[in-house]
Structure formats: structure tokens, C-alpha cells
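The residues making up each chain are set out below.
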Amino acid sequence: MASTLPDPDPDAYTHHPASARSGTGGSRTPERSGGIEAHGIDHIPDADRRGRPRELFSVWAAANVNYLSLVVGGALVLMGLSLWQAMAVIVVGNLFWLLTGLLAIPGPVAGAPSEVITRALYGVLGNRVNNAVTGWMISVCYFALNLAAAATAAFSLVARTGLPVNSAVKAVVVVLIAAVTLTISVYGHSAIVRLYAPITLALTAVFAVVAVAVVRHTDFGYVPDRPLTGSALWATVLAGVALIASGPLSYTTSADFSRYLPRTASARAVAGWTALGGYLPGVLVCGLGAFAATAVDMNDPESSLQALLPGWFRPLFLLALVLGTVALNALTAYSAGLALQAVGIRIRRSLSALVDGTVSVCLTLYALLVSDFLDTVGNVLQLTVVLLGPSTAVYATDIVLRRNRYDGIALGDESRTGPFWYTGGFNWAGVLALASGVAVSALCVDTVYTGPVAAALGGVDLALPTGLVVSSAAYALLTRRIHVTA
């Protein structure tokens, strides 16, 4: 089946010199040691490659020891699940990090970020639309949600100083956290790799203390007063899996952080360290949130968890919540900046990250000052699955069909004569597969609205599995049909 995919360049899978053409919005200048990353969405030449796949573990681990994971884990119990039902959902939902790992393996081969690699799926123009919606827009929404989570913890730190936590102070705190986050993002890949190993160690130490305190108060036999049964239970379980899975599914951009590895890096190691770095903290921190929900009110997790901790340790806990979310958001902002370039806007990566941050700060202030934070988190995370599930499935299917053979330099060619212009700039196999998956998923969703299929099933939300299966199958079939008959 892989042979049916277009390969118009006879040298597509061979080495290209570093002096070859680069993509839009980038630079052929190597990344300056200790300075701002020079590369944008352009191809990374072999001379600039470095590192080992195991470095990816700390990148993803630091990003997933965060406040939002605690909130989501606690939310499962608030939704009506028993403790062990919630833990089963957490274990299953975090298995979607395997897909994140799979999506990371084209990075070293192509030497390009995901935002460019997906031109192979949708065509040059189709991919601009894809990056605008599933790349830039969703990344900015996640940045805002995570920023709101970090700010909530920071407000408590401010309150401990005796300052009034009014709207003006909240706005200043949000801007300061965003500034630190964007600084890491602007300095880029090298800064992320260097900083995230010590951040992972620091966060692990803090959360180990939190875990001891929480486990001491956990009701391991917790069952809600009115246990869920039948369709209500299945509806809640599936909604919970979608809620957990929305985290790893949001990283269709995992190749952004593996593209600097040497092209000879083991695909299995790249996928494994990426998936493990997300999975372990995902299970442990979400699980900690579920444990805590059996002992305290997780409608206000930050204040409730502090009640379980020694007084001297509470500021460290709050700082860890902020630090973990900053680490997560720096990755999100980094990818959002690349997505803005891949849309076709001629802008430096560092400046595009600042644009993304400005938009996210505005959304964050709305989430904190106008909307209900927990409702916003739940609705956004579950609704994005309608887009992210099919998008991930099409990308993963393409990697399997091509056997991970991508030419980063050819992918950088946006001309009408380039190999990925396809028909009028669109690869209709990818476009139609994504559209069909999103359409079916939208019919099955039950979150801010109830789709007709979900209504017929009594509120059982099948948006995630149907979106994955339909889009993957459609892409495989359409790819074979279009390129066999072309």
C-alpha cells in the first residue's frame, strides 16, 4: 500500500546537502549556542543535528507534571466515577501517548516540524488550513487554559504576601507568567532540552511529597453515594477517556521536538521516550488528582490540596504548579509559533510566539474573570477531541503507509511544481479523510452540545473512537484509490 503514495523525487529518501533550499519562514543559519533559535519551519541540516532520543523523556515529563492534570484527574471523580473506575479511565486515556510517540518519529528523518510534514497529508494549501485550525487555533486555546491554571496557583502565592488579589493584580500575574513562558519558547529547542531535565527532577521531588500527603488521606474504597450504572456509567467512562486523551492528542506536533535529532536516531527510541515521558506523569499526576478527590473538594483543587500539606511546604507546592504549567505551555507556544509560520504568514518564529502569547493572555483573562474555569476546561478539552482525534489518525496512518519515509527538503517546496502541491494545492485523500472523521465525530459528541448519535445512545459519547477509525480508514482507502487511478 505504501507504494501508492506519491514519490515524484527520485532522491526523496537520500541525503541532501545542508546548502539545499529551505522552507518558508526559516533560516539556514545554525542555532546559536545559548541564544535564540535561528530555525523556524525550515529543514534542519545534518550539521545542526544533535542529541539522543532519551532527551525527549524529560521534555515531555516536565510538561506533564502540572496543575491541569491534577484538575482533570479530580474531575473524573466529580463526574460520578468511583476511585478505581477513575483510575482505569486514567490508565486507558493516557495510552494515547503512544500515538504522540508515533507522530514524533518523522522528525529526525525529515528534519522538519510536524507543521511542515503534514503537507504530505493535505497538500501545501490544504495544510495551511489544517495548521490554522488544528495547529494554531487549538494550540492557542490550550495555552490559555494552561495559563489560567498556572495563574490560579499564582494568585494564592500573591495572597500569602498580603496583597489584594483583585482584577488588576490578576491581570499582572497572568502577563508575568506568560512572559516567562514565552521567553523559554522564543529561545527555543536548545533551551527546552537544557532546562527540562532539572525541571523534571524538581517537579518530581515536590509531587512526591504531595503524593505522600494525599495517599495518607485517600479513601481507597471510595464509591459515590449514587453509583453510576448502565448507559450512564458508560457515558461517563467514555467522556472521561476523551477528557484524558485530549492531552496527548493535542500534541500532533511532537515531531517539532525530535527534528534536531540525527537522522539515524532509532524510530523506536524516539517513539518510546516520547510516549513514556507523557504516559508516566500523566498517569501519576492525574491519579493523584483522583486520589485527592476522595478526601477533599476538587471543585477548588488548589486550596483543597493545600489543606493536606504542611504549612511550610505550601508555597513550594504552589510554585511547582506554576513551574509545571510554564513548562507545558512553552512547548505549546513553540508549536503555535511554527503553526503560524506554516499558515503562510511571513514572520520570524520568535515574533510569532509573541503574537500567540498575546492572543492567549486575552483568552485567559476571559476564562478567569468572566467564565467558570472548570466548565471551560471540561468543555474545551472534550470538544477539541472532535478535531484532534481525526487529525491524529490521518497523520499516524500516513506515517505507517509511507513507512516513515519523508524528505524534509522536498516538503519545504511550496511551488506549484513541487511534489506536495498535488491537485490545486490539496491532497484530497487527506482533506476528505479528515473531513469525514470530523463529521462523524461531531455526530457522536456529547459535551457543549449533544450530537444525534449520542442522543440516540442516551448520552454515550463515541466521538473519539469513531473519529479515529473513520478518518484512518478513509485516508487509507482514498490514498489507494486516488494514487492508483492518477
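Placed above this text is the structure.
Quantities reported herein were computed from a predicted structural model and do not represent experimental measurements.

At a closest axis distance of 7 Å, the pairing of helix α2 (residues 67–78) and helix α12 (residues 267–293) adopts a crossing angle of 45 degrees. Our classification of the angle between α2 and α12 gives oblique. The element α2 and its partner α12 pack so that their crossing is right-handed. Counting all contacts with α2, which are made through Ser69, Leu70, Gly73, Gly74 and Val77, the residues of α12 involved are Val285, Cys286, Leu288, Gly289, Ala290 and Ala293. Residues of the contact of α2 with α12, tallied by class, amount to seven nonpolar, four polar and no charged.

To continue, consider helix α8 (residues 124–160). For α8, which comprises 37 residues, the first-to-last C-alpha distance of 52 Å matches the rise-based estimate of 54 Å (1.5 Å per residue) to within 8%. Along α8, the helix axis deviates most sharply at Asn131, where the bend reaches about 40 degrees. With respect to burial, α8 is a largely interior element, 27 of its 37 residues being buried.

Among the secondary structure elements, Ile184 is positioned in helix α9 (residues 167–187). Expressed as a C-alpha distance, the spacing of Ile184 and Leu331, which sit 147 residues apart in the sequence, is 8.8 Å. Ignoring any residue separated from it by four or fewer positions in sequence, one finds Ile184 in contact with Ala191, Ile192, Leu195, Tyr196, Val326 and Ala330.

In this structure the tally under the stated criterion is 11 aromatic pairs. With a centroid separation of 5.9 Å and 65 degrees between ring planes, the pair formed by Trp60 and Trp97 is classed as edge-to-face. Of the two residues, Trp60 sits in helix α1 (residues 55–64) while Trp97 sits in helix α4 (residues 97–104), which places them 37 residues apart along the sequence. Accessibility expressed as a relative area gives 0% for Trp60, which makes it buried. On the basis of an interplanar angle of 75 degrees and a centroid distance of 6.3 Å, the ring pair of Trp84 and Phe291 is categorised as edge-to-face. A residue pair is termed long-range when its members are at least 10 positions apart, and Trp84 in helix α3 (residues 83–93) and Phe291 in helix α12 qualify at 207 residues. Put simply, the rings of Trp60, Trp97, Tyr251, Phe257 and Tyr334 touch in pairs and so form one group of aromatic residues.

For the rest of this paragraph, the subject is empty space enclosed by the protein. Summed over the entire model, instances satisfying the criterion amount to six cavities of 30 Å³ or more. Quantified by volume, the largest cavity comes out at close to 270 Å³. Secondary structure elements with two or more residues in the lining of the largest cavity: α2, α8, α11 (230–249), α12 and α14 (314–342). With five residues, α11 is the largest single contributor of residues to the lining of the largest cavity. The residue makeup of the lining of the largest cavity, split by class, is 11 nonpolar, 10 polar and no charged.

Here we come to the nonpolar core. One broad rule of soluble globular proteins: the nonpolar side chains tend to lie buried together. Counting residues in hydrophobic clusters, the biggest one holds 133 residues, and the most contacted among them are Ile177, Tyr196, Phe317 and Leu331. Beyond its immediate stretch of four places on either side in the chain, Ile177 contacts Leu147, Ala150, Ala151, Ala154, Val322 and Val326.

Glancing now at the side chain of Asp461. With respect to the helices and strands, the residue Asp461 is situated in the loop between α19 (452–456) and α20 (463–485). We note that Asp461 is buried and unpaired, the nearest opposite charge coming from Arg226 at a distance of 23 Å. A distance of 3.0 Å separates the side chain of Asp461 from the backbone nitrogen of Asp446, its partner in a polar contact. Among residues more than four places away in sequence, those in contact with Asp461 are Leu238, Cys444, Val445 and Asp446.

Cut-offs applied
- Residues numbered from 1 in each chain as written.
- Predicted model: local features only at pLDDT ≥ 70, side-chain atom pairs only at ≥ 80, totals over all residues.
- Heavy atoms only, no water.
- Axes fitted to C-alpha atoms, helices over the stretch in contact; angles between N-to-C directions.
- Helix = DSSP H or I, 4+ residues; strand = E, 2+ residues; numbered from the N terminus.
- Parallel < 35°, antiparallel > 145°, perpendicular 65-115°, else oblique.
- Left-handed = near helix turned anticlockwise from the far one by under 90°.
- Contact = heavy atoms within 4.5 Å.
- Nonpolar A, V, L, I, M, F, W, Y, C, P; charged D, E, K, R; others polar.
- Expected span 1.5 Å × (residues − 1).
- Bend = angle between axes of the 7 residues up to and from the residue.
- Buried < 20%, exposed > 50% of the residue type's maximum accessible area, 1.4 Å probe, protein only.
- Phe/Tyr/Trp six-rings, centres within 6.5 Å; stacked < 30°, edge-to-face > 60°.
- 1 Å grid on protein atoms, 1.4 Å probe; cavity = no way out; pocket = protein on both sides within 12 Å on 5 of 7 lines; lining within 4 Å.
- Points joined across faces, edges and corners; volume = space filled by probe spheres on them.
- Core = buried A, V, L, I, M, F, W, Y, C linked by side-chain atoms within 4.5 Å.
- Lys, Arg positive; Asp, Glu negative; His and termini not counted.
- Salt bridge = Lys/Arg side-chain N within 4 Å of Asp/Glu carboxyl O.
- Polar contact = N/O pair within 3.5 Å; in protein donor to acceptor, adjacent residues only side chain to side chain.

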